[in-house]
Amino acid sequence: MTAMLPPLETIPQEGRIPCWRRFESDWYRLRYPDVAELMAQHGYDDVQRFYEEIGCHRGHSPNRYFDEMWYRQAYPEVRRGLLERRWPSGFAHYCAGGYKRCSPHWLFDEAAYRRRYVALTGHYLAEQGFYNGYDHYLSYGEQHGFKAGPFCDVRLLRAMARRYEAWFGPEGLLASWLVLPSHIADAAPASWYFDAPWYLQTYPEVQEAIAAGEYSNALHHYLTNPTPEAFNPSPWFDEAYYRETSPDILPSLGGDGLRNGYEHFVRFGAHEGRSPAKGVDLHRYKQCPLVWFDCDGGVFESPFARFVAEKHGHATPAGIDDPAVLEDQTRQLFRDDAALALPLLARQKLDFRVWGMPEVSVIMVVHDQIDLTLQALASLRGNYDGAIELILVDSGSCDETTGLETLVEGAIILRHKVNIGYLLGCNEALAHVTAPAVLYLNNDVRLYPDALHHALRRLYRAETTGAVAARLVRTNMQLQEAGSIIWRDGATYGYRRQDDPNIPEASFTRDVDYGSAAFLLVKAGLLRRLGGYDTRYWPAYFEDTDLCVRLQKIGARIVYEPLAMVEHLEFGSSGQSGSHSLIQRHWKVFAQQHLEFLRHQQPRHIRNALLGRERRRPDRQRVLLIEDRIPLRGLGSGYVRSNDIVRALVALDYHVTVFPVMREQLPAFLLYRDFPEEVELAFDHDMSTLPAFLEERAGYYDLLWVGRTHNMARLLPVLNEASRFLPHCGSVLDTEVVAAPRTLLQQAVTGLLPDGTPAAPVKGEEYERALDALLTEELQSAHYCQQIIAVTEHDAELIRRAGYGNVMVLGHSMEVAPTPRPYAERRDILFLGAFHSEQSPNYDSMTWFVEEVLPHLKALPEDVCLHIAGYVHPSVDMTALGQHPRVEIIGPVEDLTALFDTYRVFVAPTRFAGGLPFKVQEAAARGLPMVVTDLLREEVGWQTEESLLSVPADEPMAFAVAVERLYNDEALWQRLRHSALKAVQKDTDPEHFRQALQHIVQASLG
């Protein structure tokens, strides 16, 4: 009887067979040259029948897409099944259901593909007619740029197809590559993660093994050889070095874990920025914006892949190791740009006509240099489309500046036959000002986007603000100043001069001593009151310093605005000739004039710059907030609350520095959008740099706020040793959650501890003893702090139970904003939460819901699905959830309003947790009724059938019934929505949150 190819377990699309299921007779004969002889010996004339009855038992693969021997080695349960004769081959196992979770080939990782494209859930694939991720890739994904995996790069395969056109057929890129002769497959890279020519040259024995038919090509050898730790894949990765410098990975290598260190690096280290070889600083490389954009945009798999591509000349150099460009060269380039643009700018007048009241008057004093002047004016006009009153003072020009009227329309032009100097020109122009704000602007500048807009916004944000200073960047892209310091002797210093303009210290708003008048925005009324610049500083230098000091003497603040960034050709308008002697003379004048002011300034020393960078108001205190990472709102898991704390502290007029225990992986430019401009984000630090950070800032902070108890435990030795750098500094431990009850509940529910260790549940007196022991252990570092913060009164009682009476409660802050879509236009079920690990409550709750609850949803239409949204850590495998036919995985979502406006029911099936369930309050605030476990109902303190529906966490049938009931009953839906909105408005009022926070801070400061 003729055996048939193994049947498929399910058929998503009637009559369609995936290409990995087909038998390729021509390929089979080429792959196994002895088949012809064997067929003759055994009396076969049909090659497919030979495979089905004999070849599959001998370890043959039926087609190029499936590697039988690799499959057997990769999955021990398949080997056992073959020995027990449950399947005739690994391919039979794959067709019988293995295709849902197993990988068929060493070049394709099913789980990684589904992890990468989380939307490829079982529901989506079945709906679109695909059997699995492999079928999706071969049938659709490859054509549309989907990536099969790190060792199969579509872009490189396309390049190879162009180079070896005769070898690439209509089957597809991967299909063609799999049948290439080894000398062609090894000639050019199919992935930046493997260098075949280098590999063959370094390991000549590999060439011998390929020639003997043991391996198809060099990559096949590397990915399947029995001693994976003995070979390096490229000159840019050293297996021994990586193991030595990353000892934390060693327990996960070998056995059923990762194949070697390189597998860890490819999956995790290459994205984290770990060093792959001596001398390769991948962390520094990945911080380059160009590198991040290429990786985030999908051009390269990881910073490492881009690094290798750059070494091969296939990526734009990131330039991090380029020698510094001399400033003389950049200054000349600035001038050359201006000269180059001059004919273009002269073709059409720059329009500065004002209709009605001007918003800002710009004063610019010019002397020759028409190219610089027009470049600056074009930059100003292009930067701000509001009403600008332009006042130009031509101070004795001899070049084309004398004909400015033909180049600029609507400007007030004041002319002088001789050079009267900058100071007198500005004072003359002040008499013509009609706008409420005056911008002193040099003609040797270029404005970065929206610089003037941000400066004006800052000027009017507070009545006490008198002037706004810009972030000035020199032509060599180094700082000129991020606000300026006046020392006690009257000398001045541009804060962080010659540093990277984007360092944390230059990227937050603060009061400063003064700002240079290359770009200085001042309220016009104050200028008139002071009479403009003091003529003692004619013709220039120290006039802007003196003006800012006089502004402060009448109660006005000088505020540094980092978003007002300006490129400045330093000394471009006046030249350096004679400047030094003039500066020295006016310095003495300034020091004598402001003796009383200077007496309270910092002595002149670079180590005093930290204290001098900000004019400290007596009523404004400084807070150092330490968290696991920079608390971005999209991370969930308590980070939203930490972010709200930062925002509230700023609103209460505290200066806040945020310090991450773990170094931030995201580029810095993506962090600021989640925070007010006044916040200093120490994104370039981590726990290892904290001692030096505290020493550098000795005496700077008034309050230390440590988020999460485990951070307090980790930092306690550092804080004990560094306490001398924190004199008179209060301290707060924000527990965020008391984890002890959650640990015991997780133990009871899953039989596991948070680290995955098996543990039996405890009850009665044993539970109470275990709880006390866990509380004591968890809070043993809390004695360091003046105040301990709990997120609920229940957690506060647990902290008191551990012996601490200095406990206060701070919940969540939330604005109620119900989404408008009516009940009838909504559909499907939503869960929103972060997945930071597979041991997290959210992962457990979704696993329980998918496995235990979804099968009971009989009263809902079959096309009603669960949609899972929220941050997913790269280490978390969501494929088990996504394989269910009624599950869709969305991943992170920027627009929560649109998200909550789509769904009919929210679920929170949490079986173990602690603290205050943010997700419950957030869903209520958005007007989405919910079904939760009794655990979360008790934590939030609401009543079932009133503000939500709740059921026990061990009754999946009851949970399903509650979901069906809420989904189908509009009256119930409306009643719960209305009641939950009132409840959450009461519990999360932002003003109450700020008041509670203020009370906590004041109590901690004594």
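Residues numbered from 1 in each chain as written. Predicted model: local features only at pLDDT ≥ 70, side-chain atom pairs only at ≥ 80, totals over all residues. Heavy atoms only, no water.

Description of the overall build of the protein
Move 1: Broken down by element type, the protein carries 43 helices and 27 strands.
Move 2: Projected onto its principal axes, the C-alpha coordinates of the protein cover approximately 110 × 75 × 60 Å.
Move 3: Taken as a whole, the protein presents about 42,600 Å² of accessible surface, with 52% of it coming from carbon and sulfur.
Move 4: One way to put it: in the protein the 99 positive side-chain charges average out to a point 3 Å from where the 133 negative ones average out. (Helix = DSSP H or I, 4+ residues; strand = E, 2+ residues; numbered from the N terminus. Areas by Shrake-Rupley, 256 points an atom, 1.4 Å probe, with all protein chains shown as cover. Lys, Arg positive; Asp, Glu negative; His and termini not counted. Charge placed at Lys NZ, Arg CZ, Asp CG, Glu CD.)

Section: the state of the cysteines
Move 1: For the structure shown, the criterion picks out zero disulfides.
Move 2: No disulfide involves C95; its sulfur sits 11 Å from the nearest other cysteine sulfur, which is in C56.
Move 3: Looking at C729, it has no disulfide partner, and the nearest cysteine sulfur is the one in C785, 10 Å off.
Move 4: With a relative accessible area of 15%, C729 lands in the buried category. (Disulfide = S-S within 2.5 Å. Buried < 20%, exposed > 50% of the residue type's maximum accessible area, 1.4 Å probe, protein only.)

Structural notes on the packing of aromatic side chains
Move 1: A complete count under the given rule lists 61 aromatic pairs for this structure.
Move 2: When the ring of Y199 is compared with that of Y222, the centres are 5.8 Å apart and the planes differ by 85°; the resulting orientation is edge-to-face. Of this pair, Y199 sits in helix α13 (residues 196-202) while Y222 is found in helix α15 (residues 218-224), placing the two residues 23 residues apart along the sequence. Comparing Y199 with Y222, the two get one shared label, buried.
Move 3: With 6.2 Å between their ring centres and 90° between their planes, Y672 and F683 make a pair best called edge-to-face. Remark: F683 occurs in the loop between β17 (680-681) and α31 (690-696) and Y672 occurs in the loop between β16 (655-660) and β17; sequence separation between them is 11 residues.
Move 4: A relative accessible area of 13% places F683 in the buried class. (Phe/Tyr/Trp six-rings, centres within 6.5 Å; stacked < 30°, edge-to-face > 60°.)

Thoughts on the pattern of salt bridges
When the charged atoms of two side chains lie near each other, side chains of opposite charge can form a pair.
Move 1: Summed over all chains, the structure comprises 67 salt bridges.
Move 2: In this structure, E596 engages R599 in a salt bridge whose closest nitrogen and oxygen atoms are separated by 2.6 Å.
Move 3: Classification of E596 by relative accessible area gives partly exposed; the value is 48%. (Salt bridge = Lys/Arg side-chain N within 4 Å of Asp/Glu carboxyl O.)

Details of helix α32 (residues 709-721)
Move 1: Its 13 residues give α32 an end-to-end C-alpha distance of 19 Å, which sits within 8% of 18 Å, the value for a rise of 1.5 Å per residue.
Move 2: Along its length, α32 shows its largest kink, about 50°, at L715, and proline P717 lies within four residues downstream of that point.
Move 3: Of all the positions in α32, only T709, N711, M712, L715, L716, V718 and L719 are classed as buried.
Move 4: Contact partners of the buried residues in α32: β15 (622-627), α31, β18 (703-707), β19 (730-734) and α34 (764-778). (Expected span 1.5 Å × (residues − 1). Bend = angle between axes of the 7 residues up to and from the residue. Contact = heavy atoms within 4.5 Å.)

Regarding the layout of surface pockets
Over the atoms a probe the size of a water molecule is rolled, and this reveals where empty space is left.
Move 1: In this structure, the second largest pocket occupies an estimated 1,600 Å³ of space.
Move 2: Looking at the second largest pocket, it is lined by 48 residues, and the ones nearest its centre are P289, D500, P501, N502 and I503.
Move 3: For the lining of the second largest pocket, the secondary-structure elements that each account for two or more residues are α18 (282-286), β8 (465-474) and β14 (557-568).
Move 4: With three residues, β14 is the largest single contributor of residues to the lining of the second largest pocket. (1 Å grid on protein atoms, 1.4 Å probe; cavity = no way out; pocket = protein on both sides within 12 Å on 5 of 7 lines; lining within 4 Å. Points joined across faces, edges and corners; volume = space filled by probe spheres on them.)

Brief notes about the pairing of β14
Across a regular strand the side chains alternate sides, sitting on one face of the sheet and then on the other.
Move 1: Burial within β14 is extensive, with 10 of its 12 residues counted as buried.
Move 2: Where strand β12 (residues 510-511) meets β14, two bridges bridge the pair, whose relative direction is antiparallel. Across the sheet, residue D511 finds its bridge partner in β14, namely V559. (Pairing = 2+ DSSP bridges.)

Concerning the environment of S950
Move 1: Examined against the element boundaries, S950 turns out to sit in strand β27 (residues 949-951).
Move 2: Residue S950 is classed as buried on the basis of its relative accessible area, which comes to 13%.
Move 3: At 2.8 Å, the side chain of S950 and the side chain of D934 are in polar contact.
Move 4: A polar contact of 2.8 Å, which involves the side chain of S950, links it to the side chain of R937. (Polar contact = N/O pair within 3.5 Å; in protein donor to acceptor, adjacent residues only side chain to side chain.)

Focus: the sheet that holds strand β23 (residues 866-869)
Move 1: Strands sit in the order β24-β23-β22-β25-β26-β27 across an open sheet of six strands; the sheet is parallel. Each edge of the sheet is formed by a strand with only one pairing partner; in this case those strands are β24 (887-891) and β27. Averaged over all pairs of adjacent strands, the angle between strand axes in this sheet comes to 25°, irrespective of strand direction.
Move 2: Strand direction decides the pairing type here: strand β26 (residues 930-933) and β27, joined by three bridges, are parallel. Its bridge partner being in β27, V931 is matched across the sheet by L949.
Move 3: Sitting on the sheet, helix α41 (residues 956-968) is in contact with β22 (829-832), β25 (905-908), β26 and β27, with an inclination near 165° to β26. (Axes fitted to C-alpha atoms, helices over the stretch in contact; angles between N-to-C directions.)

A short note on the sheet that holds β16
Move 1: Spatially, β17-β16-β15-β18-β19-β20-β21 is the arrangement adopted by the seven strands of the open sheet, whose pairing is parallel. Edge positions in the open sheet fall to β17 and β21 (807-809), since each of these has one partner strand only.
Move 2: Taken together, the six bridges between β15 and β16 define a ladder with parallel strand orientation. Bridge assignment links L625 to a residue of β16, and that residue is V658.
Move 3: Seen against the sheet, helix α43 (residues 990-1005) touches β18, β19, β20 (787-790) and β21 and runs at an angle of roughly 120° to β18.

Notes on the pairing of β23
Move 1: Burial of β23 is two-sided: the residues L866 and I868 facing one way and the residues H867 and A869 facing the other way are all buried.
Move 2: Sheet analysis places β22 next to β23, joined by four bridges and oriented parallel. The residue of β23 that forms the bridge with I829 is L866.
Move 3: Bridge count for β23 against β24 is four bridges, and the pairing is parallel. In the sheet register, H867 faces β24, and the bridge partner there is E888.

A short note on helix α17 (residues 261-272)
Move 1: Over its 12 residues, α17 extends only 14 Å from the first C-alpha to the last, a length that falls short of the 16 Å expected when each residue adds 1.5 Å.
Move 2: Here α17 has its buried residues at G261, Y262, H264, F265, V266, F268, G269 and A270.
Move 3: Against α15, α16 (239-245), α18 and α20 (303-311) lie the buried residues of α17.
Move 4: Measuring from the backbone nitrogen of Y262 back to the side-chain oxygen at the start of α17 gives 3.3 Å, which picks out N260 as the cap.
Move 5: Looking at the residues trailing α17, positive phi occurs at G273, about 95°.

Digging into the side chain of D934
Move 1: By secondary structure assignment, the location of D934 is in helix α40 (residues 934-940).
Move 2: In this structure D934 touches S950, V951 and P952, once residues within four positions along its chain are discounted.

Quick look at the side chain of T709
Move 1: By secondary structure assignment, the location of T709 is in helix α32.
Move 2: Filtering out sequence-adjacent residues up to four positions away, T709 remains in contact with L733, D734, T735, V737, E778, L779 and S781.

A short note on the packing of helix α36 (residues 841-853) against α41
Helix-helix packing: each pair is described by the crossing angle between the helix axes and the interaxial distance.
Move 1: Orientation of α36 relative to α41, taken along the N-to-C sense of each, is 90°, at an axis distance of 9 Å. Taken together, the axis directions place α36 and α41 in an arrangement best described as roughly perpendicular. Here α36 contributes W848, F849, E852 and V853 to the contact with α41, which in turn contributes P956, F959, A960 and V963.
Move 2: Residues of the contact of α36 with α41, tallied by class, amount to seven nonpolar, no polar and one charged. (Parallel < 35°, antiparallel > 145°, perpendicular 65-115°, else oblique. Nonpolar A, V, L, I, M, F, W, Y, C, P; charged D, E, K, R; others polar.)

None of the figures reported here should be taken as evidence of function without further support.
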